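Remarks on the overall topology
Each chain is listed here by its residues.
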Amino acid sequence: MVATDLVVQSLLNGLLLGGIYAVAALGLSLVFGIMDIVNLAHGHMLMVGAYVAITLFTAFGLTPIVGMVVAFVVLFVLGMALQRVVLKRVVGEGMEQPIIVLFGLALMLQSIGRIVVGSDAQATDIGIPGNPVSIGEITLSFPRLVTFVLSLALILGTWAFLKYTTTGLAIRATAQNNAAAQYMGIDTANIYVLTLGIGTGLAGAAGALLSMLFPITPFVGWSYLLKAFAVVVLGGVGSVPGTLIGGLILGVSENVGVLYLGGGFRDIISFTIFVLVLLVRPHGLFGNSGGGE
Amino acid sequence: MVSLTGPFEGLFGDRRRVGLFVVAVLALAVVPYTTTRFVTNIFFNGLVFVLLGVSWNLIAGYTGQISLGHHAFFGLGAFVSAWLTTPMRAGLPESIQSPVLVAVAAAAIVAGLLALVLGPILFRLTGHYFAIGTLAVAAIIQLVLLDQRQFSGGATGYYVSNELEPDVVFLLMLVATVACILVTYAIVNSRAGLGMRAIHDDEDAASSLGINPLRYKMFAFIVASMMAGIAGGFYAQFWLYVNPDSTLAVSWMVDTLVVVVLGGMGSMAGPLLGGALFVALDEGLRQIAGEFAPVIEGALIITFIIYAPGGLYKLLADRFGDAESPAVDEDATTDQSGAE
């Protein structure tokens, strides 16, 4: 039997981790919801973001918070270029084309990552100083708290951007009805470019956050893609608050599950949750339309 | 509604093609006896890629179900055949030790059974959800095997032994590949094949015409998975080594995609051309580009999808005026035949 305070501890750690999972999933969810594209390279973009932050810290001593901003910008630009140069040519040609293109991109990013940084896991602990916070028997590490707060800030920022800015309104209009949005004078092609930029930028930021807590290798892409997709399925495609809830559920389930089943089961737990949710609701917990449309 | 444009379309469109196919098979049959082991190895991998490509093309190219979990059936097939010829290393009873052919048959059956169990679950999903769902299931299978060290050898893997010479395993693989190509050809040109293409084009329309989509999808999925299991079964017996990290890795899925996309999705000749091109490319690229080879492969996938979505097959067919292009993603072809 596992002690109660250990369970509470895992639960809290899971909640804090869940915030990052939510950020990791948010970009995937937005791109899926708005453009109906599943970015199969999302996890690999997250990996690139993590290495941007790690490099900035180890080479220039820049704090991971700066790293996060830079990672966002780098991936934002990459995502916009991807849409402008590649994806716009295959969207609307059926579902296979974008899937295969992004699968190919994932392969490229992973291979480039392996060439540039090697196969070994990079040392984490990229220095957020600060003492653990203790509440009774429970201790929460300071980096986890910081990354959680940053995650919430990113999610809140994205939500506010979509809700309160004109561009956000244009994005939502495009998601609802592309043709109608065009009649209203919205340049939907540019909206797609921007949306993919934001989506991949968030992947980069999530990578930077994760690099503060976990070792990163060039091969983590697939794993984080599936975790992010699990969150999307749990929270509903395109829903910002849903994504946060989905992330928290996944973080907690993983952390508490690992307590009982062992560390080797971390990914098995999240992927199984994902498949089980799909079993109950084939289009996601809050989804209502088919994926192929 | 689609209809056949002729019972001998595609790869075996005319005598010239049958002749080419027979010559290629005969040339491959003498490879182990006329060349070095190094060359044999390359051609063996070529056969593996062709079989993976042909089988994935059945489910993805013809039926339109983009499975991203094909590598799980390949990897599981490899492990099943490894366990059966070399049971002691996995802590299994010596009494189950079997000859290579039995082991590979078992690999096919286990892969087929797994598809039978997973199919009804996965086919509740459509489109993107199906693609990601299959990717997740394959990842779970790999992680479970990685965790079960006694059966999989953990991260270091596990050596296989059998009673056959590698040259013989090569020939068996060749026979199996040819058999699978013929079976696939027969399926594609049968009533079932028509149903599959109808589902590919428009599942709802197919369903309203009395086609049971699940039945055809399941059929394609089980057959494709068994073929992947066979490829894995022989792979383990030829290379005599399996490892959950690499044998069940998603990179096999990537390679399969490269083969089919380069060759031409939804055509019979596509995976054959793609397999040949990929082996040449893979070997050639590794010599020239070294570790950059996968980067170039990824770029090639993207380039082909954008500029030559019909793959090499379509390019050749256009170049040499071959009108029998059976590429299923061409609306014009199906519309015409539908009007008949």
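On a predicted model such as this, the values are computed, not experimentally measured, just so you know.

So, on to the packing of aromatic side chains. Residues and elements named next belong to chain B. For the coordinates displayed, the defined rule picks out 21 aromatic pairs over all chains. Seen in terms of ring centroids, Phe44 and Phe170 are 6.5 Å apart; in terms of plane orientation they differ by 50 degrees. Their pairing is tilted. Here Phe170 lies in helix α8 (residues 166-188) and Phe44 lies in helix α3 (residues 37-62), a separation of 126 residues in the sequence. With a relative accessible area of 0%, Phe170 lands in the buried category. One cation-aromatic arrangement involves Arg215 over Tyr216; the distance from NZ or CZ to the ring centre is 5.8 Å.

As a further point, take a nonpolar patch on the surface. Taken together, Ile109, Leu113, Leu116, Val117 and Met226 of chain B make up a surface patch of nonpolar side chains, about 440 Å² in accessible area. Element by element, the count of residues in the nonpolar patch is highest for helix α5 (residues 100-122) of chain B, at four residues.

This part covers the packing of α3 of chain B against helix α13 (residues 251-263) of chain B. Residue and element names in this part refer to chain B. Across the interface, α3 lies against α13 with an axial gap of 9 Å and an inter-helix angle of 80 degrees. Relative to α13, α3 is oriented roughly perpendicular. In contact with Val48, Phe49, Leu52, Gly53, Trp56 and Asn57 of α3, α13 contributes Trp252, Met253, Asp255, Thr256, Leu257, Val259 and Val260. Residue composition of the contact of α3 with α13, grouped by class: nine nonpolar, three polar and one charged.

Time to look at the nonpolar core. If you look at the biggest cluster of nonpolar residues, it comprises 210 residues, and the most contacted ones within it are Leu40 and Phe274 of chain A. Ranked by residue count, the leading element in this core is helix α11 (residues 213-239) of chain B, at 15 residues. Residues contacting Phe274 of chain A, with those up to four places away along its chain left out, are Leu226, Phe229, Ala230 and Val233 of chain A together with Ile132, Gly133 and Ala136 of chain B.

As a further point, take the side chain of Ser111 of chain A. Following the sequence through the fold, Ser111 of chain A ends up in helix α4 (residues 96-117). In this structure Ser111 of chain A comes out as buried when scored by relative accessible area, which is 4%. Once residues within four sequence positions are removed from consideration, Ser111 of chain A is found in contact with Pro294 and Val295 of chain B.

With that settled, the discussion passes to the pattern of salt bridges. Enumeration according to the criterion identifies five salt bridges over all chains in this entry. With its nearest N and O atoms 2.8 Å apart, the salt bridge here joins Lys227 of chain A to Asp267 of chain A. You can see Lys227 of chain A sitting in helix α9 (residues 221-235) and its partner Asp267 of chain A sitting in helix α11 (residues 266-280), a full 40 residues away along the chain. In this structure, the salt-bridge partner of Asp318 of chain B is Lys314 of chain B, at a minimum N-O distance of 3.2 Å. In this pair, Asp318 of chain B and Lys314 of chain B are both assigned in helix α16 (residues 311-319), four residues apart and thus about one turn of the helix distant. Overlapping salt bridges bring together Lys227, Glu254, Arg266 and Asp267 of chain A as one network.

Attention now moves to the UniProt feature "transmembrane region" (unreviewed entry) in chain A. Within this structure's numbering, the places UniProt gives as "transmembrane region" (unreviewed entry) are residues 15-38, 45-62, 68-87, 99-117, 142-162, 191-216, 228-251 and 258-280 of chain A. With 88% helix and 0% strand, residues 15-38 of chain A has its two end C-alpha atoms placed 26 Å apart.

Let's shift gears to helix α8 (residues 188-211) of chain A. Between its first and last C-alpha atoms α8 of chain A spans 34 Å; for 24 residues at 1.5 Å apiece the expected length is 34 Å, and the two agree. Taking burial as the measure, the 24 residues of α8 of chain A include 21 buried ones, the bulk of the element.

Residues and elements named next belong to chain A. The N-to-C vectors of helix α5 (residues 142-164) and α8 enclose an angle of 170 degrees; their axes lie 10 Å apart at closest approach. Viewed along their axes, α5 and α8 adopt a mutual orientation that is roughly antiparallel. Here α5 contributes Thr147, Leu150, Ser151, Leu154, Thr158 and Phe161 to the contact with α8, which in turn contributes Ile198, Leu202, Ala205 and Leu209.

So, on to the interface of chain A and chain B. At the interface, 44 residues of chain A touch 39 residues of chain B. Each partner contributes to the roughly 3,800 Å² buried at the junction of chain A and chain B, and carbon and sulfur atoms together form 82% of this total. In this assembly, chain A and chain B are joined by zero salt bridges. Across the contact surface, chain A and chain B share two residue pairs in polar contact (both at pLDDT 80 or more). The set of elements that each furnish at least two residues to the side of chain A that touches chain B consists of α3 (64-90), α4, α9 and α11 of chain A. Examining the composition of the side of chain A that touches chain B, we find that 14 residues originate from one element, α4 of chain A, more than from any other. Within the side of chain A that touches chain B, the residues separate by chemical class into 30 nonpolar, nine polar and five charged.

Below, the discussion takes up the environment of Ala131 of chain B. Position of Ala131 of chain B relative to the elements: it lies in helix α6 (residues 127-147). Taking the C-alpha atoms as reference points, Ala131 of chain B and Asp282 of chain B, separated by 151 residues in sequence, lie 26 Å from one another. Once you skip the residues sitting within four places of it in the chain, Ala131 of chain B turns out to touch Ile99 of chain A together with Ile66 and Leu68 of chain B.

We now examine the side chain of Ser29 of chain A. Residue and element names in this part refer to chain A. By the secondary structure assignment, Ser29 is in helix α1 (residues 4-35). Among the residues examined, Ser29 registers a relative accessible area of 0% and is labelled buried. Among the polar contacts made by the side chain of Ser29, one reaches the main-chain amide nitrogen of Gly238 at a distance of 2.7 Å. In contact with Ser29, not counting residues within four places along its chain, are Val232, Gly236, Val237, Gly238, Ser239 and Thr243.

Rules of the game
Residues numbered from 1 in each chain as written. Chains lettered and ligands numbered in written order. Predicted model: local features only at pLDDT ≥ 70, side-chain atom pairs only at ≥ 80, totals over all residues. Heavy atoms only, no water. Phe/Tyr/Trp six-rings, centres within 6.5 Å; stacked < 30°, edge-to-face > 60°. Helix = DSSP H or I, 4+ residues; strand = E, 2+ residues; numbered from the N terminus. Buried < 20%, exposed > 50% of the residue type's maximum accessible area, 1.4 Å probe, protein only. Lys NZ or Arg CZ within 6 Å of the ring centre and 35° of its normal. Patch = residues over 30% accessible without salt bridge, like charges linked within 9 Å, V, L, I, M, F, W, Y side chains within 5 Å. Areas by Shrake-Rupley, 256 points an atom, 1.4 Å probe, with all protein chains shown as cover. Salt bridge = Lys/Arg side-chain N within 4 Å of Asp/Glu carboxyl O. Axes fitted to C-alpha atoms, helices over the stretch in contact; angles between N-to-C directions. Parallel < 35°, antiparallel > 145°, perpendicular 65-115°, else oblique. Contact = heavy atoms within 4.5 Å. Nonpolar A, V, L, I, M, F, W, Y, C, P; charged D, E, K, R; others polar. Core = buried A, V, L, I, M, F, W, Y, C linked by side-chain atoms within 4.5 Å. UniProt positions renumbered as here; feature names shortened; annotations may be inferred. Expected span 1.5 Å × (residues − 1). Buried area = accessible area lost by both parts, 1.4 Å probe. Polar contact = N/O pair within 3.5 Å; in protein donor to acceptor, adjacent residues only side chain to side chain.

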